[in-house]
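# Structure at a glance
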Amino acid sequence: MSKLRFKVVEEAFDRKAIPVEIPAERPEQYYGKYVFNRQKMFEYLPKTTYDALVEAIDNKKPLSREVADSVAAGMKQWAIDNGARHYTHWFHPLTDGTAEKHDAFIEHDGKGGVVEQFTGKLLVQQEPDASSFPNGGIRNTFEARGYSAWDISSPAFILDKTLCIPTIFISYTGESLDYKTPLLRALNSVDKAATGVAQYFDPNVKHVNSYLGWEQEYFLVDEALYSARPDLVMTGRTLMGHESAKNQQLEDHYFGAIPSRVEAFMLDLEIECHRLGIPAKTRHNEVAPNQFELAPIFEETNLANDHNLLLMSLIAEVARRHNFRVLLHEKPFSGINGSGKHNNWSLGTDTGVLLFAPGKTPEANLQFITFIANVMAAVYRHNGVLKASIASATNGHRLGANEAPPAIISIFMGTQLSEILDKLEKDDVDEIINLSAKKGLKLNVDQIPEIIIDNTDRNRTSPFAFTGNRFEFRAVGSSANCASAMIALNAAVAEQLMEFKANVDARIANGQDKNHAILSEIKEIIKYSKPIHFDGNGYSDEWKEEAARRGLDCETSVPKIFDAYLSKSSIDMFKSTGVFTEVELEARNEVKWEMYTKKIQIEARVLGDLAVNHVIPVAIRYQSVLTDNVFKLKTLFPNEKGDKLAQLDLDTIERMSAHMATIMEETKKMVNARKAANRIENEREKAIAYHDTVVPCMDVIRYHIDKLELMVDDEMWPLPKYRELLFIR
Ligand code: ADP
Ligand code: MG
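Since this is a predicted model, take the numbers as computed values, not measurements.

### Here's the deal with the overall build of the protein chain
Helices and strands together make up the secondary structure of the protein chain, namely 24 helices and 16 strands. The C-alpha atoms of the protein chain give a radius of gyration of 29 Å, which matches the 27 Å a tight globule of 729 residues would have. Viewed in the frame of its principal axes, the protein chain has a C-alpha envelope of about 105 × 80 × 55 Å. With 729 residues in all, the protein chain has 49% of them scored as buried. Put simply, of all contacts in the protein chain between residues at least 6 apart along the chain, 75% involve residues at least 24 apart.

### A short note on the site of ligand 1
Among the 14 residues in the neighbourhood of ligand 1, the closest are listed as Gly213, Phe298, Asn344, Ser346 and Arg470. Sorting the residues of the shell around ligand 1 by element identifies β9 (208-222), β11 (291-296) and β14 (341-349) as the ones contributing at least two each. Broken down by class, the residue content of the shell around ligand 1 amounts to 7 nonpolar, 5 polar and 2 charged.

### Regarding helix α13 (residues 383-390)
Of all 8 residues making up α13, 8 are buried, and the element is well covered by its neighbours. All of the buried residues along α13 are Asn383, Gly384, Val385, Leu386, Lys387, Ala388, Ser389 and Ile390. For α13, the elements touching its buried residues are α12 (362-381), α16 (483-509), α19 (558-561) and α20 (568-576).

### Focus: the environment of Ser520
Mapping Ser520 onto the fold places it in helix α17 (residues 514-528). In this structure the C-alpha to C-alpha distance between Ser520 and Arg507, which are 13 residues apart in sequence, comes to 9.0 Å.

### Thoughts on the nonpolar core
Leu123, Leu225 and Val379 are the most contacted members of the largest nonpolar core, which has 198 residues in total. Every residue in contact with Val379, bar those within four places of it in the chain, is listed here: Leu386, Ile409, Ile411, Phe464, Ala492 and Ile532.

### Some points on the packing of helix α14 (residues 415-426) against α17
The geometry of α14 relative to α17 is characterised by a closest axis approach of 9 Å and an angle of 115 degrees between their N-to-C directions. The element α14 and its partner α17 pack so that their crossing is left-handed. Residues Leu421, Leu424 and Glu425 of α14 form the contact with α17, whose own contacting residues are Ile522, Lys523, Ile526 and Lys527. Residues belonging to the contact of α14 with α17 are distributed by class as follows: 4 nonpolar, no polar and 3 charged.

Basis of the calculations
Residues numbered from 1 in each chain as written. Chains lettered and ligands numbered in written order. Predicted model: local features only at pLDDT ≥ 70, side-chain atom pairs only at ≥ 80, totals over all residues. Helix = DSSP H or I, 4+ residues; strand = E, 2+ residues; numbered from the N terminus. Rg over C-alpha atoms; globule rule 2.2 N^0.38 Å. Buried ≥ 20, exposed ≤ 12 C-beta atoms within 10 Å, placed from the backbone. Contact = placed C-beta atoms within 7 Å. Near = placed C-beta within 6 Å. Nonpolar A, V, L, I, M, F, W, Y, C, P; charged D, E, K, R; others polar. Core = buried A, V, L, I, M, F, W, Y, C linked by C-beta atoms within 7 Å. Axes fitted to C-alpha atoms, helices over the stretch in contact; angles between N-to-C directions. Left-handed = near helix turned anticlockwise from the far one by under 90°.

The structure is reproduced here in structure tokens:
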């Protein structure tokens, strides 16, 4: 009998909810307690410093050295008052996740003792020994010179008694080595471009902000069960495991009652989020068993992304307090839903107008249509890059699988908006615009309702959907850094808006009036971007054929999907928006291919080990029990009767042998495929070899292991089964 499996099942079964210490204060009192926000700045900084800092933040200006020193002193005092002993520059390297190196505040006092000190120099810039972070060949290890610099637009916070200072991470030659630098560049670029266009409608607009509201999906697994699954521990997903008889068919989990242990965990997490200024708002069960979601109120994109990264470390920590492990992998269990991270995205002016929300006046609606149409055009032009921005070895299991967005980017608009777009495309500009000097603009399209009523046809199969006042980029993976998607999207839209403005300005220079010029351009881009618009079922096979006919990027191999970043149109787009140079794009792709290879390599090793050292020995043991039984039956019942009675066992023995033989054969093949791939120097070719030759062996091995799981005596099976991982909580 498999002792470990039954021990952990029992342990998991007996667990009770861990009580959560609820703060005595109300949320508005402890919200942001551990964030050096404006209120704390005001309290801890001299008035002149406070004013200078706020001015720098609001107008994206650099800080002088004196101001930085003064900010550092105040920030340190606040941190010490809140129990911090260390500080760190917190940055987002090209691995998904965050990096920190902690330093104590102490400095020599010159008298043999120490003082707790923190200077502006240490606050503003540091040189982490960065040779161990991926850089795609930009920086040679022997001159491991990269530096991190404070991003003043994102407030410092205290996590685990450490003052964390959000920073960008760049090489000394200026290339970005992280996600934050290009994100800030993309946001800057979309701000400028969108402001230029928004000023057609309101000259008072000075800035356009990009907003992000992410929805984080995740699975929880009991800690004891998790520890008995080496595949979960090492790769974050199950590499084997037969579907349980019940999974999500009854759809009884979605929005069902939250189990009590999970509820305690969620409450704990929510309190921690609020203390750190993450506006966590919504929590619920997801479609799959043991799958859940957390969503905050949307925020400015850079801050929202910092908050998501912070959440991803927080959620793991809080889960452990409740004897859970959180799985952020996109596809931890085969056969049931995977996890995504919908990126709800919008643009809004500093005058308070959401640019993707239909307005009340014809002018407002023309502005709305202008921005919607430009998003369509940008997404169409760069659909390959947008797909590349969300592709990864882990998300590859989810995309194109049955419940997830397909590996093709398209936009869902809904019936009402589609009708308006059709009309704008077909009708004559003069018919649409009916100008009279007194009444101002009159748009001859049906009134655009403020709330899109057909919210019900919110198409869940679309990777990029218009949802009333924002777009929802659904293809983003649950473990990803949202910045990747947000960089590509904001940059693509910035490029498109810049071109749009140039074209409209040219028309105006040629004597067209503003509204005619805008509408004429809108007609052109609606026509141009038609192929990206698809409201039908994205999961259907017909769509795959149709999308190929429309010329959309239909590549499904993750290493080849990355190629889109290096296409001419992508290089031009990232260059013209100042987001990436060609060198940066090349370096990043090197990192992407390398990461892909490493992830598959680890999975293949773990699977090989499990197959040969865990599964096969158990199968042989069970086979030997059956063989014994055959001998006994034949001894007890000689001749024909014995033969007949033993037949069942004999069949099973033979079938098991066949499965085992295939597993051994494929494992050998997989090892050889790995060896051959490892000899390839070129990172792209190597990743492709892993995709084409290693992954298929893994699929075959898994298939046969899952068959054995159904045959071997349940008491002997060593690894916790799907029904245990998914239904015990
Ligand atoms: P769903 O029905 O898809 O689960 P919700 O209504 O719960 O979506 O909202 C999902 C997310 O969208 C939330 O994080 C919310 O703050 C965010 N959101 C709402 N409006 C906007 C917007 N204009 N821009 C960006 N995000 C938004
Ligand atoms: Mg959503």
